[in-house]
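Listed here are the chains, written in short residue letters.
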Amino acid sequence: MNEVVEKKNIRNLSVEELKKFLIAAGEPGFRAKQVSDWLWMRSARDFDEMSNLPKALREKLKEQFTVNAATVHQSQYSSDKTIKNTFRLSDGNIIEGVLIPAPDRMTACVSSQVGCSLTCKFCATGYMERKRNLDTGEIYDQVVLIDKQARENYGIPLSNIVYMGMGEPLLNYANVLKSVDRITAEDGLNMSAKRITVSTAGIAKMIKKLGDDQVKFNLALSLHAANDTKRNEIMPINEQNTLKSLAEALKYYFIKTKNPVTYEYIIFDGFNDGLQDAAELAKFCKHLPCKVNIIEYNPISFASFQNAGEDKTEAFAAYLRKRGIITNVRRSRGKDIDAACGQLAIKEKA
C-alpha cells in the first residue's frame, strides 16, 4: 500500500528551504529562484504554469507540495463601481475583499483573518467568530485577484492597498508583514510600501513592534473616540489598550519610523459627533504628526448606531481644520452591496 504524503504549502517555504529540498531531490539549486519567481512575481496558481521547469521537476513538486491558492467565489458590483468579492480558501473558509475605484487611485481592501475576535460594536465583522489567521499567500492572493479585476473592469492596475478588511492585522503580525514583503519585493509584485496602509483597532505592544521593525508602510488607527469611557463602550479592546498607552506606543512608533499616523474616526449620530468630542480628538492629535479621516458610518443590522448628519460632520471637520489638523471627510463606497467600511460579514456558510 502506498503511503499518503501530506503535502506542504510551498508558499510557506523560504527560497533557502526550497533550495535544500531541490538539492536533496537531485535538482540544481538555481531552480529554487525560478520556482519562487513563479510563485511571487508571476503569481502562478499551480505547478503546470511553471513552463521553464522540466516536466519531471514539476511532477516532483506536485507530489510534495500544494499552492493553496485562494479563488474568487462570488463578486458583487455596486452602482458606484465598487466590487465586493468573497474569496474561497483552500480549506473551504470564506473571506471578503473589496476593489474601490476612484478618479485618482485604484484601491484593494484586503482581509487578514477569517472573522475577527475584537467585537467592536459598530462593525459587522466583529459579530463573527474568528476562525483563524490568513497565511501570507492568502493575503497576497487577494491583492493579485483584485488587481486582475481592476485591469479587466477598468483598464487600470491597483495603486493602493489597505489592510482594512476582515480581522485585526496586528493579531496576525508575522503573516501580515511577510505579505507586505512579498507585495513590495522586487522579486514579488514590486509595489511601493508607501501605497500600503495597515489599519489597527489599537494594540499598543504591537504598534511598538512595528516601530522596532521600522516598517515602511503607513499605519492607521481606528480611533472613533478620544475619550476612554466612550471608546470602551464601542471598542472593548480599549480596556486593555487605553488611549494613554496607545499615545505612548504611537509616539514610540513615530520616533522609530518617522511615519505620521492616520486616525480613522467614524462619526456616530449623538455619540461622538459633538464639539467636545472634536476637542478631545484635537488634543489626542497633538502627540505626533497625523491626519484625521472622518468616515461616514454604514449602519448594520446588529447595531443601532446611525450616521451623524452632514451639518454636524462638517462642523466637526471645521473645528479640527481650524486647529491645523489635516482632516478629510470620507464618503462611503459600495454601501448598496454591503461593501463599505464596517459592513464586511459573510452571509453564507462556508
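Just so it is clear, the structure is predicted and the values come from calculations on it, not from any experiment.

(A) Local environment of the overall build of the protein chain. Secondary structure assignment for the protein chain yields 10 helices and 14 strands. Here the protein chain has a C-alpha radius of gyration of 22 Å; the compact-globule value for 350 residues is 20 Å, and the two agree. Projected onto its principal axes, the C-alpha coordinates of the protein chain cover approximately 70 × 40 × 40 Å. The buried share among the 350 residues of the protein chain stands at 54%. Summarising the internal contacts of the protein chain: among those between residues at least 6 apart in sequence, 65% fall at separations of at least 24. About 16300 Å² of surface is accessible on the protein chain, with carbon and sulfur atoms providing 50% of the total. Counting 50 positive and 43 negative side-chain charges, the protein chain places the centres of these two groups 4 Å from one another.

(B) Up close: the packing of helix α6 (residues 204-212) against helix α8 (residues 243-257). Between α6 and α8, the shortest axis-to-axis distance is 8 Å and the interhelical angle comes to 5°. Judged by the inter-axis angle, α6 sits roughly parallel to α8. Seen from α6, the contacting residues are Ala 204, Ile 207, Lys 208, Leu 210, Gly 211 and Asp 212; seen from α8, they are Ser 245, Leu 246, Ala 249, Leu 250, Tyr 252, Tyr 253, Lys 256 and Thr 257. Among the residues making up the contact of α6 with α8, the classes are represented as eight nonpolar, three polar and three charged.

(C) Spatial organisation of a positive patch on the surface. Together, Lys 283, Lys 286, Lys 322 and Arg 323 give the surface a local cluster of positive charge. Mapped onto the fold, Lys 322 is located in helix α10 (residues 310-322). Lys 322 sits in the exposed class, given a relative accessible area of 71%.

(D) Spotlight on the packing of aromatic side chains. Evaluation of the coordinates by the stated rule reveals 10 aromatic pairs. Seen from their ring centres, Phe 268 and Phe 271 are 6.2 Å apart, and the 75° between their planes marks the pair as edge-to-face. Measuring from ring centre to ring centre gives 6.0 Å for Phe 271 and Phe 305, while their planes differ by 70°; the resulting arrangement is edge-to-face. Of this pair, Phe 271 sits in the loop between β12 (261-267) and α9 (275-284) while Phe 305 sits in the loop between β13 (290-296) and α10, and the two are 34 residues apart along the sequence. For Phe 271, a relative accessible area of 13% translates into the label buried. By relative accessible area, Phe 305 is classed as buried at 17%. Aromatic rings pair up to connect Phe 122, Phe 268, Phe 271, Tyr 297 and Phe 305 into one cluster. Here Arg 42 stacks its cationic end above the ring of Trp 38, 4.1 Å away from the centre of that ring. The ring of Phe 271 has Lys 230 lying over it, and the distance from NZ or CZ to the ring centre is 5.6 Å.

Rules of the game
Residues numbered from 1 in each chain as written. Predicted model: local features only at pLDDT ≥ 70, side-chain atom pairs only at ≥ 80, totals over all residues. Heavy atoms only, no water. Helix = DSSP H or I, 4+ residues; strand = E, 2+ residues; numbered from the N terminus. Rg over C-alpha atoms; globule rule 2.2 N^0.38 Å. Buried < 20%, exposed > 50% of the residue type's maximum accessible area, 1.4 Å probe, protein only. Contact = heavy atoms within 4.5 Å. Areas by Shrake-Rupley, 256 points an atom, 1.4 Å probe, with all protein chains shown as cover. Lys, Arg positive; Asp, Glu negative; His and termini not counted. Charge placed at Lys NZ, Arg CZ, Asp CG, Glu CD. Axes fitted to C-alpha atoms, helices over the stretch in contact; angles between N-to-C directions. Parallel < 35°, antiparallel > 145°, perpendicular 65-115°, else oblique. Nonpolar A, V, L, I, M, F, W, Y, C, P; charged D, E, K, R; others polar. Patch = residues over 30% accessible without salt bridge, like charges linked within 9 Å, V, L, I, M, F, W, Y side chains within 5 Å. Salt bridge = Lys/Arg side-chain N within 4 Å of Asp/Glu carboxyl O. Phe/Tyr/Trp six-rings, centres within 6.5 Å; stacked < 30°, edge-to-face > 60°. Lys NZ or Arg CZ within 6 Å of the ring centre and 35° of its normal.

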